[in-house]
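Here are the chains, one letter per residue:
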Amino acid sequence: SAWTQSPVAFWPLDELVGNDFFDTSGNNLDGTAHGTVIVPGIKGNCRSFNGSGDYLEVPDNDLLDITGEITIMFWAKTNVHSSSFIPISKRVFDGDINYAMAFGIVREPGGSLASGLAFQYNFRPSVQYGTYFEYHDNQWHHYALALQFGNPGSAKWIIDGIPREGW
């Protein structure tokens, strides 16, 4: 069946100047950049993060709560071997995570460590979906995750257009 839903938010991050960035979905979920730099991206401009405190902030809105099916997609280019960094996160004021997408070192089912990408929801206890991927190669990659919220078996990872095994 054809996709009939509209995006909740779409942030191209292609502004030419300033700290404001704009949601082009029509839902006006605009935000403010803190410490980022506007640089050339894969298509137009993008935001560069220094890895130490830069972030984008969108005010809380019920539209950003996940209650059913969701697809999260973004482009990223990373060149640092970091133990962890979080490109997408919805947190409440006390710091608890409602949901987050995080790159980092993950433990494989056999116990060894590998680079990967994980989606986590809830904070205590947390539920995670993940996939293994060497992400710090200084190349642009397109990441996508589709899932039915609350159903770990539904998670489908696609990186650079290729379905990936998940855990």
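Everything discussed here concerns the structure shown above.
The structure displayed is predicted, hence computed values, not measured ones.

> Teacher, can you tell me more about the nonpolar core here?
It is characteristic of soluble globular proteins that their nonpolar side chains tend to be buried jointly. With 21 residues, the main nonpolar core has Phe74, Met101, Phe119, Tyr129, Tyr143, Leu145 and Trp157 as its most contacted residues. If near-sequence neighbours (up to four positions away) are discounted, Phe74 is found in contact with Pro87, Ile88, Met101, Phe103, His141, His142 and Tyr143.

> How should I be thinking about the sheet that holds strand S1 (residues 20–21) in this particular structure?
In a beta sheet, neighbouring strands are held together by backbone hydrogen bonds and run either parallel or antiparallel to one another. What the three strands build is an open sheet, ordered S1-S2-S5; its pairing is antiparallel. Edge strands, defined here as strands with exactly one partner in the open sheet, are S1 and strand S5 (55–57). Here S1 pairs with strand S2 (residues 31–34) via two bridges, running antiparallel. Bridge assignment links Asp20 to a residue of S2, and that residue is Thr32.

> What's the story with the environment of Asn27 in this structure? I'm lost.
In this fold, Asn27 is placed in the loop between S1 and S2. The sequence separation of Asn27 and Pro7 amounts to 20 residues, and the corresponding C-alpha distance is 8.9 Å. In this structure the side chain of Asn27 is engaged in a polar contact, spanning 2.8 Å, whose partner is the backbone oxygen of Val8.

> Got a minute to help me understand the packing of aromatic side chains in this structure?
To describe a pair of aromatic rings, one takes the distance between the centres and the angle between the planes. For the structure on display, the rule yields five aromatic pairs. Note on Phe74 and Tyr143: the rings are 5.2 Å apart at their centroids and 25° apart in plane angle, and the pair reads as stacked. With a gap of 69 residues between them, Phe74 in strand S6 (residues 69–77) and Tyr143 in strand S11 (residues 140–148) connect regions that are remote in the sequence. Summarising the burial analysis for this pair, Phe74 and Tyr143 share the class buried. Counting every residue linked through ring pairs, the aromatic cluster contains Phe74, Phe103 and Tyr143.

What counts, and at which threshold
Each chain has its residues counted from 1, running along the sequence as written. Local features in this predicted model are restricted to residues of pLDDT 70 or higher, and side-chain atom pairs are both shown and tallied only at a pLDDT of 80 or more, whereas totals for entire chains, interfaces and linings draw on every residue. As a convention, hydrogens and water are excluded, and side-chain values are obtained from all of the structure's heavy atoms. Think of a nonpolar core as a cluster: buried Ala, Val, Leu, Ile, Met, Phe, Trp, Tyr and Cys residues, connected wherever their side-chain atoms sit within 4.5 Å. Working definition: with a 1.4 Å probe on protein chains only, accessible area under 20% of the residue-type maximum means buried, over 50% means exposed, and in between means partly exposed. Here a residue-residue contact requires only that any non-hydrogen atoms of the pair lie within 4.5 Å. In this analysis, strands are considered paired if DSSP registers two or more bridges between them. Secondary structure elements are defined from DSSP: runs of H or I of at least 4 residues count as helices, runs of E of at least 2 residues count as strands, and each element is numbered from the N terminus. Nitrogen and oxygen atoms within 3.5 Å of one another constitute a polar contact, given that in protein one can donate a hydrogen and the other can accept it, and given that sequence-neighbouring residues count only through two side-chain atoms. Classification of ring pairs rests on two measures: the distance between centres of Phe, Tyr or Trp rings, Trp counted by its six-membered ring, which must be within 6.5 Å, and the angle between planes, read as stacked under 30 degrees, edge-to-face over 60 and tilted in between.

Just distances and angles here, no functional claims.
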